[in-house]
Amino acid sequence: MNPRELVRAQPGPAFTVTLDDREIEALPGQTVAAALWAAGVTSWRATRDAGRPRGVFCGIGVCFDCLVTVNDRPNQRACLVPVRPGDAIRTQEGTGHHD
């Protein structure tokens, strides 16, 4: 069952954001991580040295596994950043800067 049905949530209309130029539908009130998860994306960062995939680990902003680049701002915690219409989200490699 869809969690929104359990609580009878009625979010506002969906809007579009992009992840690496791929359009993704998001809902008002979602974080970047929630929108990506809902779209079936579970990894959006690679570790600095080994290039291992990462996504949400703690989900509360304590760790740094969910780092992503949003609107050209690297190192944004996807679990804390609210998604906004038109956001350009990018998979983050390493530090997110041009090292």
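Analysis parameters
- Residues numbered from 1 in each chain as written.
- Predicted model: local features only at pLDDT ≥ 70, side-chain atom pairs only at ≥ 80, totals over all residues.
- Heavy atoms only, no water.
- Pairing = 2+ DSSP bridges.
- Helix = DSSP H or I, 4+ residues; strand = E, 2+ residues; numbered from the N terminus.
- Core = buried A, V, L, I, M, F, W, Y, C linked by side-chain atoms within 4.5 Å.
- Buried < 20%, exposed > 50% of the residue type's maximum accessible area, 1.4 Å probe, protein only.
- Contact = heavy atoms within 4.5 Å.
- Polar contact = N/O pair within 3.5 Å; in protein donor to acceptor, adjacent residues only side chain to side chain.

**Notes on the pairing of strand S6 (residues 73-77)**
As paired elements, strand S5 (residues 67-70) and S6 share three bridges and run antiparallel to each other. In the strand pairing of S6, Val70 is matched with Arg73. Linking two consecutive strands that pair antiparallel, namely S5 and S6, is a turn of two residues; a positive phi of about 50° is found at Asn71 within it.

**Structural notes on the nonpolar core**
One finds Val32, Leu36, Trp44, Val68, Ala78, Val83 and Ile89 to be the most contacted residues of the largest nonpolar core, which totals 19 residues. Every element with two or more residues in this core is listed here: strand S1 (15-19), strand S2 (22-26), helix H2 (32-38) and S5. With four residues, the single largest contributor to this core is H2. Setting aside residues up to four positions removed in sequence, Val83 forms contacts with Phe15, Val17, Ala26, Leu27, Gln30, Thr31, Val32, Ala35 and Ile89.

**Comments concerning the environment of Thr47**
Mapped onto the elements of the fold, Thr47 is located in the loop between strand S3 (45-46) and strand S4 (53-54). Accessibility expressed as a relative area gives 17% for Thr47, which makes it buried. Sequence separation between Thr47 and Leu67 is 20 residues; the distance between their C-alpha atoms is 10.0 Å. There is a polar contact of 3.1 Å between the side chain of Thr47 and the backbone nitrogen of Gly51. Side-chain polar atoms of Thr47 contact the backbone nitrogen of Arg52, separated by 2.8 Å.

**What about the pairing of S2?**
A regular strand places its side chains on the two faces of the sheet in alternate fashion. Where S1 and S2 come together, five bridges link them in antiparallel fashion. Bridging across to S2, Thr18 finds its partner in Glu23.

**Considerations on the sheet that holds strand S8 (residues 92-93)**
Strand order in the open sheet formed by three strands is S4-S3-S8, and the pairing between neighbours is mixed. The sheet is open, and its two borders are formed by S4 and S8, each paired with just one other strand. Bridge count for S3 against S8 is two bridges, and the pairing is parallel. If you follow Arg45 over to S8, its bridge partner there is Gln92.

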